[in-house]
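# Examining the three-dimensional arrangement
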Amino acid sequence: MTDHAPAAATPSAPLGDNLAAAFQIEGWPVRGRLVRLGESIDAILSAHAYPEPVAALLGEACALAALIGSSLKFEGRLIVQAQGDGPVRYVVADYDTQGHLRGYCRFDEAEVAAASQGFSRPGAKTLLGQGVFVMTLDRGPDFERTQGITPIEGESLSLAAEHYFEQSEQIPTKVRLAVGSLDSGAGASWRAGGAMIQVIAADDARGSTEEAWERSRALFQTLADDELLDPTITPETLLFRLFHEDGVRLEDPRALKAQCRCSKDRIGAVLSSFSPEDRADMVEPDGKIHVTCEYCATVYALEPEDVQAE
């Protein structure tokens, strides 16, 4: 490895929350990505009355979707989901390449409460049980979706993601995810963060990458949850703490935002697929059909005569 003076490239203005960015360790065959989520993840997790462990699991899924999705080189979406036979039946996070995030969990409240009796927060394996972790790439209507599936591994979705990259793409990968509720003095709010490193394959010019990978893994393991969550620690500072001896460069920061794709027109299109008799049964005492988006909890009230049958 080539020696470099300690350095950390810093954009003209410090970066903060709700962003995804790539980073490069100077001279190392290792690439990485970093995600920080503040009000965006708080909006997603606060849209429903999720129990704390369920909210944390969904926060992990959202951070992971942004972490991986922000590396896509095409216009489209990355969907991260996990499903199983445990207290949480289903968790899904949806990232599009405009930086929009949304997510949702389906769970059994009594079963989650029973699983939460221990001293520590139940994680992915406890909440999801036996099941699968799925990543889906959606390039739009002109392309078929591509999907990778792997068993749920461990108590964090980070382990499932590492296993996916190892098995499906043969890329050694380390992932860290953190979710927590912090009180800034104006009330508690959810925060999430994530980081990922991957080794670049060896070749004739680069030679063996094993030593660099082992060293970067060892440094990466020192990354603490509070560093990923603390809003006073900028991404530049966090990366400098990890890799300052070799220099690290932050690249291509992208803004992230909680934004659902639901709309009155989309809801109307779904309702139009039902028979007139079924739609008549949906009409409530005020004469309208009410539909709640399962992602963002927005309630739509539609006049039955405005829904056109297909």
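These figures come from a predicted structure and were not determined experimentally. As a convention, each chain's residues are numbered from 1 in the sequence order in which they are written. Totals for whole chains, interfaces and linings use every residue, but because this is a predicted model, local features are given only for residues with pLDDT of at least 70 and side-chain atom pairs only at 80 or more, for both listing and counting. Calculated side-chain values reflect all of the structure's heavy atoms, with hydrogen atoms and water omitted.

## Observations concerning the overall build of the protein chain
Counting from the N terminus, the helices are the DSSP runs of H or I reaching at least four residues and the strands are the DSSP runs of E reaching at least two. From N to C terminus, the protein chain includes 10 helices and 14 strands. Restricting the calculation to C-alpha atoms gives the radius of gyration, and the globule rule supplies 2.2 Å times the number of residues raised to the power 0.38. Its C-alpha atoms give the protein chain a radius of gyration of 21 Å, within 12% of the compact-globule value 19 Å for 310 residues. By its C-alpha atoms, the protein chain is 75 × 50 × 40 Å across when sized along the principal axes. Taken across its 310 residues, the protein chain has 47% of its residues classed as buried. Sequence-distant contacts in the protein chain: of pairs separated by 6 or more residues, those separated by 24 or more amount to 65%. Residue-level accessible areas treat just the shown protein chains as cover; the underlying method is Shrake-Rupley with a 1.4 Å probe. As displayed, the protein chain has an accessible area near 15100 Å², and 49% of this comes from carbon and sulfur atoms. We count Lys and Arg on the positive side and Asp and Glu on the negative side, and we leave His and both chain ends out. Charge positions are represented by NZ for Lys, CZ for Arg, CG for Asp and CD for Glu. Counting 27 positive and 48 negative side-chain charges, the protein chain places the averaged centre of each group 3 Å from the other. Burial classes follow relative accessibility: with a 1.4 Å probe on protein chains only, a residue under 20% of its type's maximum area counts as buried, one over 50% as exposed, and anything between as partly exposed. The criterion used for residue contact is that any of the two residues' heavy atoms lie within 4.5 Å.

## Focus on the confidence of the model for the protein chain
Predicted confidence across the protein chain gives a mean pLDDT of 88, with 92% of residues reaching 70 or more. Each residue gets a pLDDT score, which is the predictor's confidence in that residue and runs from 0 to 100. Confidence drops under pLDDT 50 across residues 1-14; counting only partners more than four residues distant or on other chains, this segment forms 23 contacts.

## Looking at the packing of aromatic side chains
Stacked, edge-to-face and tilted labels apply to pairs of Phe, Tyr and Trp rings (six-membered ring for Trp) whose centres lie within 6.5 Å, assigned for plane angles under 30 degrees, over 60, and everything in between, in that order. Counted under the stated rule, the structure contains four aromatic pairs. Between Tyr 50 and Phe 107, the ring centres sit 6.0 Å apart and the planes meet at 55 degrees, which makes this aromatic pair tilted. Placement of the pair is Tyr 50 in the loop between helix H1 (39-46) and helix H2 (52-69) and Phe 107 in strand S6 (residues 100-107), with a sequence separation of 57 residues. We call a charge positioned over a ring when the NZ of a Lys or the CZ of an Arg lies within 6 Å of the ring centre and within 35 degrees of the ring normal. In this structure, Arg 102 is placed above the aromatic ring of Tyr 295, and the distance from its NZ or CZ to the ring centre is 3.8 Å. The ring of Phe 74 has Arg 139 sitting right over it, with the charged end atom 4.1 Å from the ring centre.

## Points about the pattern of salt bridges
We count a salt bridge whenever a side-chain nitrogen from Lys or Arg sits within 4 Å of a carboxyl oxygen from Asp or Glu. The full count for this structure, using the stated rule, is 18 salt bridges. With a closest N to O distance of 3.3 Å, Asp 138 and Arg 145 form a salt bridge. Note that Arg 217 and Glu 214 form a salt bridge whose closest N and O atoms lie 3.3 Å from each other. One end of the pair is Arg 217 and the other is Glu 214, both in helix H6 (residues 210-220) and three residues apart, which spans about a single turn.

## Focus on the nonpolar core
The biggest cluster of nonpolar side chains holds 62 residues, and the ones touching the most others in it are Leu 64, Leu 128, Phe 133 and Leu 157. Top contributing element to this core by residue count: H2, with 13 residues. The contacts of Leu 128, once residues within four sequence positions are left out, are Leu 57, Ala 82, Gln 83, Gly 84, Asp 85, Gly 86, Val 88, Val 91, Ile 152 and Leu 157. What we call a nonpolar core is a set of buried Ala, Val, Leu, Ile, Met, Phe, Trp, Tyr and Cys residues that are connected through their side-chain atoms within 4.5 Å. Of all hydrophobic cores here, the second largest spans 23 residues; its members include Ile 25, Trp 28, Trp 213 and Leu 229.

## Re the sheet that holds S6
Paired strands are those between which DSSP finds at least two bridges. Judged by pairing direction, the sheet is mixed, and its six strands sit side by side in the order S8-S7-S4-S5-S6-S12 without closing on themselves. The outermost strands of the open sheet, each flanked by one partner alone, are strand S8 (146-151) and strand S12 (257-258). The sheet contact formed by S6 and S12 spans two bridges and is parallel. Among the inter-strand pairings, His 100 is bridged to a residue of S12, identified as Lys 257.

## Comments concerning the side chain of Lys 174
Inspection of the secondary structure puts Lys 174 in strand S9 (residues 173-183). By relative accessible area, Lys 174 is classed as buried at 19%. Beyond its immediate stretch of four places on either side in the chain, Lys 174 contacts Glu 162, Ala 195, Met 196, Ile 197, Trp 213, Arg 217, Phe 220 and Gln 221.

## Some points on the packing of H2 against helix H5 (residues 157-168)
Lines fitted to C-alpha atoms define the axes here, with helix axes fitted over just the stretch in contact, and angles between the N-to-C directions of these axes take values from 0 to 180 degrees. Where H2 contacts H5, the two axes come as close as 10 Å, and the packing angle between them is 35 degrees. Every residue of H5 that contacts H2 at Leu 57, Glu 60, Ala 61, Leu 64 and Ile 68 is listed here: Leu 157, Ala 161 and Phe 165.

## A word on the environment of Gln 308
Residue placement: Gln 308 occurs in the segment after strand S14 (299-302). The sequence separation of Gln 308 and Leu 271 amounts to 37 residues, and the corresponding C-alpha distance is 8.4 Å.

## Description of the environment of Leu 271
On the secondary structure map, Leu 271 appears in helix H9 (residues 264-271). The buried category is assigned to Leu 271, whose relative accessible area is 4%. As a C-alpha pair, Leu 271 and Pro 304 span 33 residues in sequence and 9.4 Å in three-dimensional space. Residue contacts for Leu 271: discarding those within four places in its chain leaves Arg 279, Met 282, Ile 289, Val 291, Leu 302 and Val 307.

## Description of unusual backbone geometry
Notably, Asn 18 is not glycine yet its phi reads approximately 55 degrees, a positive angle. A residue is classified by how much of its surface remains accessible, and Asn 18, at 8% relative accessible area, is buried. The backbone of Gln 170 shows a phi angle near 55 degrees, a positive value even though the residue is not glycine. Mapped onto the fold, Gln 170 is located in the loop between H5 and S9.

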